[in-house]
Each structure stands twice: as structure tokens, then as C-alpha cells.
Amino acid sequence: MAEVIDGKAFAEGLRERIAVASTAFTAAAGRPAGLAVVLVGEDPASQVYVRNKGKQTVACGMASFEHKLPADTTEADLLALIAQLNTDPAVDGILVQLPLPAHLNEQTVIAAINPDKDVDGFHVVNVGRLATGMPGFVPCTPLGCVMLLRDRLGSLAGMEAVVIGRSNIVGKPMAQLLLAESCTVTVAHSRTHDLPAVVSRADIVVAAVGRPEMVKGAWLKPGATVIDVGINRVPAAEPGKTRLVGDVDYASASTVAGAITPVPGGVGPMTIAVLLRNTLVAAHRNAGVVLDESAL
Ligand SMILES: Nc1nc(=O)c2c([nH]1)NC[C@@H]1CN(c3ccc(C(=O)N[C@@H](CCC(=O)O)C(=O)O)cc3)C=[N+]21
Ligand SMILES: [Mg+2]
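Keep in mind that this is a model prediction, so the values were computed, not measured. (Residues numbered from 1 in each chain as written. Chains lettered and ligands numbered in written order. Predicted model: local features only at pLDDT ≥ 70, side-chain atom pairs only at ≥ 80, totals over all residues. Heavy atoms only, no water.)

A. Expanded view of the domain arrangement of the chain. According to the domain assignment, the chain consists of domain 1 (29–115) and domain 2 (140–269). Put simply, the middle of domain 1 and the middle of domain 2, counted by C-alpha atoms, are 28 Å apart. (Domains from an automatic or database assignment.)

B. Region of the structure containing the site of ligand 1. Taken together, 17 residues sit near ligand 1, with Val-96, Gln-97, Leu-98, Asp-120 and Gly-265 positioned nearest. One of the backbone N or O atoms of Val-96 is found 2.8 Å from a nitrogen atom in ligand 1. In this structure, an oxygen atom belonging to ligand 1 sits 3.4 Å away from a side-chain N or O atom of Arg-233. Protein coverage of the free-state accessible area of ligand 1, which is 670 Å², stands at 75%. For ligand 1, the cavity whose grid points lie within 2 Å of the majority of its atoms is the largest pocket. Of all elements in the fold, only helix 2 (44–59), strand 4 (93–96) and helix 10 (267–287) reach the threshold of two or more residues within the shell around ligand 1. The leading source of residues in the shell around ligand 1 is helix 10, at four residues. Here the residues of the shell around ligand 1 are counted per class, giving ten nonpolar, four polar and three charged. Among the domains, domain 1 (29–115) and domain 2 (140–269) are the pair contributing at least three residues each to the shell around ligand 1. (Near = heavy atom within 4 Å. Polar contact = N/O pair within 3.5 Å; in protein donor to acceptor, adjacent residues only side chain to side chain. Areas by Shrake-Rupley, 256 points an atom, 1.4 Å probe, with all protein chains shown as cover. 1 Å grid on protein atoms, 1.4 Å probe; cavity = no way out; pocket = protein on both sides within 12 Å on 5 of 7 lines; lining within 4 Å. Sits in = over half its atoms within 2 Å of the grid points. Helix = DSSP H or I, 4+ residues; strand = E, 2+ residues; numbered from the N terminus. Nonpolar A, V, L, I, M, F, W, Y, C, P; charged D, E, K, R; others polar.)

C. Up close: the environment of Leu-14. Turning to its location among the elements, Leu-14 is positioned in helix 1 (residues 7–29). With 262 residues separating them in the primary sequence, Leu-14 and Leu-276 have C-alpha atoms 9.4 Å apart. Once residues lying within four places of it in the same chain are set aside, the contact partners of Leu-14 are Met-147, Met-270, Ala-273, Val-274 and Leu-296. (Contact = heavy atoms within 4.5 Å.)

If you want it as C-alpha cells, here you go:
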């Protein structure tokens, strides 16, 4: 049976290290690091995420600024808020919760964020920095996945990594990060011919497609390390109830893999912990205070 990669426990440890560094930052800078989270609309799942982000931000000794805007907010009003946050010296990181309502253009909104406060790493400047190996901000979910992989495997150099999914938020930055770790990287997607054959050569599989339990144990190379980014809500056995499953069929995969992240309790908690890490890094850069990033 595969070893379970406990992302929840790893994220707790990371948040403890962040809290220590955050206290030192507040003493050095004379102010806490600050994260602004912007939520447009009343999507219940997004409200839960935003509340959790706020709670964990405060628990790590940082300031949390929540901006909840109505679903019919105009793009001009949203851009005006971002412009204000860009120049607010108490705000080190800005996160605009996605997806946005259909009448708002996500590209336009992300482009308006100061790249040096873009703790999601979604701005094209940060995408370019990642692609060219310059310091910037890396999207939280893929960076959390690499932290889990390095913790388990040490050096990833020379390993065959297969990323399933090519989104701007996970698949593409994940491929860039694995390339920077000197993996041999394949990006598979919905048009890939013979996905099982591609997956079967992977030492590392990262599933980020948003299709419940799609990746089967029979596809895996025995001993492979499996990172499941999927968070899919599906009907539970009990009528009217739902449960969370990943993009990997955990029951079959856990009999073949060497190690696997569970859903929930795997990648999800890492995403928020890395967001706090990115915010603390942003604060140090913005305030000109030196941070030993390797201690995080
Ligand atoms: N600008 C932006 N940045 C984001 O990073 C962003 C976003 N928009 N929009 C929504 C997605 C989703 N996301 C998650 C964060 C934590 C968990 C998480 O902690 N999940 C737990 C439990 C989930 C549950 O019980 O519902 C787990 O997997 O164990 C999941 C998903 C961040 N996102
Ligand atoms: Mg995709």
C-alpha cells in the first residue's frame, strides 16, 4: 500500500514556521505583513475559502483585509479597488478570488494587480519570471505540490514527471517548476492520445484536470509518487449528501503508488499555507527586510 502524503500536517508545520518569521518581520518593519483578499459575489464555496484564508492569515500574525463586493460590481469599480490596494503600504499581497462573475474579465483584472503584490503568481510578469528563472511569485498550488515532492523524494533531478492538465493556474506552472527541478516533464491533457501509456512511464504524476477519479491505479508505474490536485464534489452514498474526491481513483491508485496525497487533506491545505508564505516573502521585499527563504 502507498504511503499517505499528509499535506494537512505539512501545511501546519509550514504555518508554524511562517508565524515565527512573521513575528520577526513585524518587529523589524514596525508593522505586520498584510494580505488583501477580494471576493466578488456570494458563491458559498468561495466564501468558505476566503474565511479560511482570513483566519489563517491572522493566526500567522499577519493583517487580513477582506473586501466583499456585490455580484454586480462593475469592472471599473473592481479596478479602482485594486489600484487603491496597489498603493496601500499596509497591503503586501493581493488575491482576487477566482472565478469572477461572467461580466468581469479575469485577464484584465489580474493584469491590474501590481506584480510585486501578486501573491497568486497569476500576473503575466510573474508567469514570465517563472518561465525564465527570475525571482517572482509562483502560483500557490503548484509550489505546494513541489514542496511535498521534495520533502518525500529529495532531489527530483532526472525523474519522469507527467502533469495531467494544462491550466494557467496549475498545469502550466507545475510543468515549469518540475522543469526547474530538472525533471523530464510531459504535459498531458484532454486531447492526449493514450493517456494511460503516458502516465505509465511517470515517476511523478500530478493530476490537475478537474475530473473525478479519472486516473486509475492500473495506469501507474509501481512505486510512483502521485499528487492529486483535484477537488471534486460528488454525490455521496447517503442521499442528498456530497463528498470530496480527487482526480485520482484513490482506492486503486493507493495499491500501486509508492506515495499519494489524499483528498481532502493533501494539496488543498498546502495552497493556503503557500499563499501565506508568498505574502510574507512579498512583505520582506516591499519593506526591504532580508528573509532567509530557505527557513520556510
Ligand atoms: N485567486 C485565487 N487563488 C486561489 O488560490 C484560489 C482561487 N482564486 N479560487 C478557488 C481556488 C481553490 N482553492 C483552494 C484552497 C484551499 C483548499 C483546501 O484547503 N481544501 C481542503 C478542504 C476543502 C473542503 O473541505 O472543502 C482540502 O483539500 O483538504 C481548496 C481549494 C484556492 N483557490
Ligand atoms: Mg486542462
